[in-house]
Amino acid sequence: YFKAAIFDLDGVIADTARFHFLAWQSIADDEGFSLPAVVDDRVKGVDRMASLNIVLEYAGRTYSDAEKEALAAQKNERYVKLIAGLTPADLLPGAQLLLDRLRVDGIGIGLASASRNALPVLKALGIFEHFNTIADANYISHPKPHPEIFLTAADGLGVSPADCLGFEDAEAGITAIKAAGMTAVGVGSAELLREADDIVSDLTAFDYDRYFRTLI
Ligand code: BG6
Ligand code: MG
């Protein structure tokens, strides 16, 4: 059995991946180019600047560093507006029940999110108190697919990586979990998350008893 669960946030617990994509689309609109749907998957798990660089591949011109800084800031302003109305209804299916069960069973719960907006999102969703440790982009130097963020969360929980189960909806995230020496549950498309040890379409399909010991 596993001793801890470490979660990605956007697209695993929170229905916010679509807001990241919407914000990028509005930036592309203003700049006069359009984004193919595949960008939605390409920016999953990828930090803000690296996501912008992916978006600008479709722009048809190069941007200076100063322009990029401005666009990244604008995207964030729009994203922050989009998440301003988040409530517990924006939790993805199965997330609340899973977090509740883990807490009751005394399993460590960690967050490993590439988003600098992770804290306000957790608070708006009403699940901040469920987390024993939070690793987000503000505290790490190597973004996913580097394992640092998952290792930081395991460290915060005082659990060895081999005893941690990681949850991710992004290819880069699954790679990070595996590189950390953890077991990976992919949430979403089996095609995209091939490297995962187990795949569920959403958290309602997660087989809890296979991974965690139930105490009550
Ligand atoms: C990740 C998202 O969780 O956070 C990415 O999957 C996003 O799409 C990244 O780019 C960074 O988010 P933020 O809020 O710091 O711009
Ligand atoms: Mg994600």
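Our subject is the structure that appears above.
What this report covers is the structure whose coordinates are included nearby. (Residues numbered from 1 in each chain as written. Chains lettered and ligands numbered in written order. Predicted model: local features only at pLDDT ≥ 70, side-chain atom pairs only at ≥ 80, totals over all residues.)

## Quick notes on the sheet that holds strand β5 (residues 183–187)
Pairing within the open sheet is parallel, and its 6 strands lie in the order β3-β2-β1-β4-β5-β6. Single-partner strands in this sheet number two, and they are β3 (133–136) and β6 (198–200). Neighbour-to-neighbour, the strand axes of this sheet turn through a mean angle of 20°, independent of strand direction. Bridge count between strand β1 (residues 4–7) and strand β4 (residues 164–168): 4 bridges; the pairing is parallel. Looking at the pairing, Ala 5 lines up with Leu 165 of β4. Contacts from helix α7 (residues 148–157) reach β1, β2 (108–113), β3 and β4 within the one sheet, and its direction differs from that of β2 by about 155°. (Pairing = 2+ DSSP bridges. Helix = DSSP H or I, 4+ residues; strand = E, 2+ residues; numbered from the N terminus. Axes fitted to C-alpha atoms, helices over the stretch in contact; angles between N-to-C directions. Contact = placed C-beta atoms within 7 Å.)

## Digging into the nonpolar core
Across soluble globular proteins, nonpolar side chains have a tendency to be buried as a group. Core analysis: the largest hydrophobic core is formed by 68 residues, its most contacted members being Ala 5 and Phe 150. When sequence neighbours within four positions are dropped, the list of residues in contact with Ala 5 reads Leu 102, Ile 107, Ile 109, Leu 165 and Phe 167. (Core = buried A, V, L, I, M, F, W, Y, C linked by C-beta atoms within 7 Å. Buried ≥ 20, exposed ≤ 12 C-beta atoms within 10 Å, placed from the backbone.)

## Remarks on helix α3 (residues 48–56)
Here α3 has its buried residues at Arg 48, Ser 51, Leu 52 and Val 55. Along the axis of α3, the buried residues cluster in a sector spanning 100°; they form a single face. Here the buried face of α3 lies against α1 (17–31), α2 (38–42) and α4 (65–82). (Arc of directions from axis to C-beta.)

## What to know about the pairing of β3
As judged from the 4 bridges shared by β2 and β3, these two strands associate in the parallel manner. Across the sheet, the residue bridging to Ala 112 is Ala 135, located in β3. In this view, the connection linking β2 to its parallel neighbour β3 by way of helix α6 (residues 118–125) has right-handed handedness. (Right-handed = clockwise from strand over helix to strand, strands pointing away.)

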